[in-house]
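# Topology and contacts: notes
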Amino acid sequence: MEIIFDKVSFVINKNTPLEKTILNTISFSITESGIYSFIGASNSGKTAIGDLISLLYKPTRGSIKIGGYKNSRLKKKDINNLKSKIGYVFKNPYSMFINDTVSKEISYAIDNFGYKKESKEKRILESLKLVELDESYLEKNPFDLNITDAKKLALACILIYNPKIIILDEITNGLSVSDKNKLIRLFRMLKNKYRKTIILLSKDTSFCYQITDYVYLLSYTRLIDYGTKDLLENTNIIKNANLEPPKIVSFVNAYNKKGRNLDYYNNILDLIKGVYRDVF
Amino acid sequence: MYSRNYYGSFYPITSKIHKLNPIVKLINFIIMILLIILTNDKEIHLYLSMFVMIMILLSYVPIKYYFNTFYSLRYIYLLLAFICAYFGLGFSDYLVYVSKIIIFILYLNVIVFTTSPSETIYSIEKFLNLFNFLNLKAVKIASSINGLLRYHPLYMMVKNDVMLASSVRGINIGLFSVKTKIRLNKKIRELTRIRSKEMNECAELRLYDINKHRTNFRTNKVGFYDILFLIFHIVLLYMYATLEGLL
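Basis of the calculations
- Residues numbered from 1 in each chain as written.
- Chains lettered and ligands numbered in written order.
- Predicted model: local features only at pLDDT ≥ 70, side-chain atom pairs only at ≥ 80, totals over all residues.
- Helix = DSSP H or I, 4+ residues; strand = E, 2+ residues; numbered from the N terminus.
- Contact = placed C-beta atoms within 7 Å.
- Buried ≥ 20, exposed ≤ 12 C-beta atoms within 10 Å, placed from the backbone.
- Pairing = 2+ DSSP bridges.
- Axes fitted to C-alpha atoms, helices over the stretch in contact; angles between N-to-C directions.
- Domains from an automatic or database assignment.
- Expected span 1.5 Å × (residues − 1).
- Nonpolar A, V, L, I, M, F, W, Y, C, P; charged D, E, K, R; others polar.
- Arc of directions from axis to C-beta.
- pLDDT = per-residue confidence, 0-100.

## A closer look at the overall build of chain A
What chain A contains, in helices and strands, is 10 helices and 10 strands. Projected onto the principal axes, the alpha-carbon positions of chain A cover approximately 65 × 50 × 35 Å. When contacts within chain A are restricted to residue pairs at least 6 apart in sequence, long-range pairs at least 24 apart make up 65% of them.

See the structure below:
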């Protein structure tokens, strides 16, 4: 499902003392399934991109085309149709929760789609399994969960209705290394097996470096650069955007300064093997 | 995510009205309420209306927020017209009663838009401390009044959040049945109550002082405009007292 932004600008509270430009003339296009990362420091406009793709807001200027529909010609029927194909996990997962129990929260997305009770329960358990939560969570209050479980639940709430585009805002905030590795495996499976388009909105360059196919770099409301994940190996551009280069890249750069020639690896295990081969 | 301002929520900018001391604002507001209850004098109502207009302009809050409240009371104006007609009151009397409602609502809006929740609680508490001999639970009363004032914008914010949370899961709330909408509305009210409680707890943290003197909280000092506006209200009170022959 394609996503095309054409000179999109987004301004909030226009003509008031609180007017603020969130996005300034952004253009990009996503035509294939894969994992795309929008990386930028705070206030760079990442969340606004997620909001505009998921049709929560309209752009002030420019046009957005999603799945063949242009935002200026969208009818209500088209909007409903599109929204069922897009899933968005907020930065604060608790702001997505409405119900008293985890099972009601997950099934809220499909309650109105006419599923039978048995198939609904099956889907709830499958989506919990995908995010590595077990049945003991079903009767818990979503607001009582810790941040890690809350993020997993928010993701399960999206996965249950099988959207084609999944947008994740700062999904790695508060997650441990093992949780991040599990997420990497899940996203790779969603991309390769189910041909999903996954959009990561993040500051976590290390996480994005391990998994992303394409990177868009944002800084102060503008799109300053884009390319494959090799862009993250250019530490000057990353630092100019007020971001920290991926830890693997920083290590390899420091290692190669001593006259070595180590490649950039995706993950720490491959890096260790590479260092071992190089040294011995 | 983005700032949303509904009528009843604090509008976070700096203006002359924002910088007024909240206790002086409260005293002025109480004098205004007394005046509109006690007198039907057109001159006093005219001066109060002009004063409210000046406050609205000086607050730099977009006029549309004030207009929204003014417009939302249109059925009250109609009802009042019927009541006045029923009791045989003239058009000028009708205008006086309408102006009372408008002055009260717009003045309240100015106070709410330009005073943060912490300052609102602080000012009400300080005011109620004058009546310590009645053993009032000043903190609790102040929090409750603040909760009432901010209920509508909180409700709208929660409702908006619920709509967004549904929207990102492909759900259009507009297509729900009436029964489901009523159930959802009940849920929204419950979440609003929780948010209101959290807001009061945050304000309580900001105002906290173990010796109950609230010295940790720095509010706006009494300045030139505080004294000017207070004198204006006292002059109006004096006018009323003179008209009624009390002085």
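## A look at the overall build of chain B
Within chain B one finds 10 helices and zero strands. Taken from N to C terminus, the helices and strands of chain B fall in the order α-α-α-α-α-α-α-α-α-α. Taken along the three principal axes of its C-alpha coordinates, chain B extends 65 × 55 × 35 Å. Every one of the 247 residues in chain B was classed for burial, and the buried ones make up 28%. Within chain B, counting contacts between residues at least 6 apart in sequence, those at least 24 apart form 81% of the total.

## Observations concerning the sheet that holds strand S2 (residues 20-30) of chain A
All names here are of chain A. A sheet is described by the order of its strands in space; here four strands give the open sequence S2-S1-S4-S5, paired in antiparallel fashion. Every other strand in the sheet has two partners, leaving S2 and strand S5 (69-70) as the edge strands with one partner each. In this structure, strand S4 (residues 61-66) lies alongside S5, joined through two bridges in antiparallel fashion. Residue pairing across strands places Ile-66 opposite Tyr-69, the latter belonging to S5. Each of strand S1 (3-12), S2 and S4 touches helix H1 (residues 46-53); the most contacted strand, S1, lies at about 115° to it.

## Overview of the domain arrangement of chain A
Split into domains, chain A comes out as domain 1 (1-85 + 163-232), domain 2 (101-161) and domain 3 (246-280). Summarising the inter-unit geometry, the C-alpha centres of domain 2 of chain A and domain 3 of chain A are found 41 Å apart.

## A look at unusual backbone geometry
Residue and element names in this part refer to chain A. The phi dihedral of Asn-43 falls on the positive side, at around 65°, and the residue is not glycine. One can find Asn-43 in the loop between strand S3 (34-40) and H1. Using a count of 14 C-beta atoms within 10 Å as the deciding quantity, one classes Asn-43 as partly exposed. Phi is positive for Thr-221, which is not a glycine, with a value near 75°. With respect to the secondary-structure elements, Thr-221 resides in the loop between strand S9 (214-219) and strand S10 (222-228). You can call Thr-221 buried: it has 20 C-beta atoms within 10 Å.

## A closer look at helix H5 (residues 91-114) of chain B
Helical periodicity: at 3.6 residues per turn, an α-helix aligns residues three or four positions apart in one direction. Residue and element names in this part refer to chain B. Helix length check: H5 (24 residues) gives 34 Å between terminal C-alpha atoms against 34 Å at 1.5 Å per residue, within 8%. Within the sequence span of H5, burial applies to Leu-106, Tyr-107, Asn-109, Val-110, Ile-111, Val-112, Phe-113 and Thr-114. Taken together, the buried residues of H5 touch helix H1 (22-38), helix H2 (42-59), helix H3 (63-72) and helix H7 (138-149).

## A few points about the domain arrangement of chain B
Residues and elements named next belong to chain B. Along its sequence, chain B is carved into domain 1 (1-115 + 221-247) and domain 2 (116-216). On a C-alpha basis, the centroid separation for the pair domain 1 and domain 2 is 24 Å. Tallying the contact residues gives 12 residues for domain 1 and 16 residues for domain 2. Ranked by residues supplied to the side of domain 1 that touches domain 2, first place goes to H1 with four residues. Taken together, the residues of the side of domain 1 that touches domain 2 sort by class into seven nonpolar, three polar and two charged.

## Focus on the environment of Tyr94(A)
Residue and element names in this part refer to chain A. With respect to the helices and strands, the residue Tyr-94 is situated in the loop between strand S6 (86-89) and helix H3 (102-107). Tyr-94 sits in the partly exposed class, given 14 other C-beta atoms within 10 Å. Sequence separation between Tyr-94 and Leu-183 is 89 residues, and the spatial gap between their C-alpha atoms is 19 Å. Not counting chain neighbours up to four residues away, the residues in contact with Tyr-94 comprise Phe-143 and Ala-150.

## Describing the sheet that holds S3(A)
Residues and elements named next belong to chain A. With mixed pairing, the six strands of this open sheet are ordered in space as S6-S7-S8-S3-S9-S10. Edge positions in the sheet fall to S6 and S10, since each has one partner strand and no second. For this sheet, the mean angle separating the axes of adjacent strands, direction not counted, is 15°. Strand direction decides the pairing type here: S6 and strand S7 (residues 165-169), joined by four bridges, are parallel. The residue of S7 that forms the bridge with Tyr-88 is Ile-167.

## Looking at helix H8 (residues 151-167) of chain B
Residues and elements named next belong to chain B. Spanning 17 residues, H8 covers 24 Å between terminal C-alpha atoms, matching the ideal 24 Å at 1.5 Å per step. Turning to H8, its buried residues number three or more, namely Leu-154, Tyr-155, Val-158, Asp-161, Val-162, Ala-165 and Ser-166. The arc that holds the buried residues of H8, viewed along the axis, is 135°, so those residues lie on one side. Looking at the buried side of H8, the elements it contacts are helix H9 (178-207).

## Thoughts on the confidence of the model for chain B
This prediction gives chain B a mean pLDDT of 85; 92% of its residues lie at or above 70. Interface confidence for the predicted complex, expressed as ipTM, amounts to 0.77; the pTM equals 0.83.

## Overview of the environment of Leu205(B)
Its location among the elements puts Leu205(B) in helix H9. For the pair Leu205(B) and Ala138(B), spaced 67 residues apart in the sequence, the C-alpha separation amounts to 16 Å.

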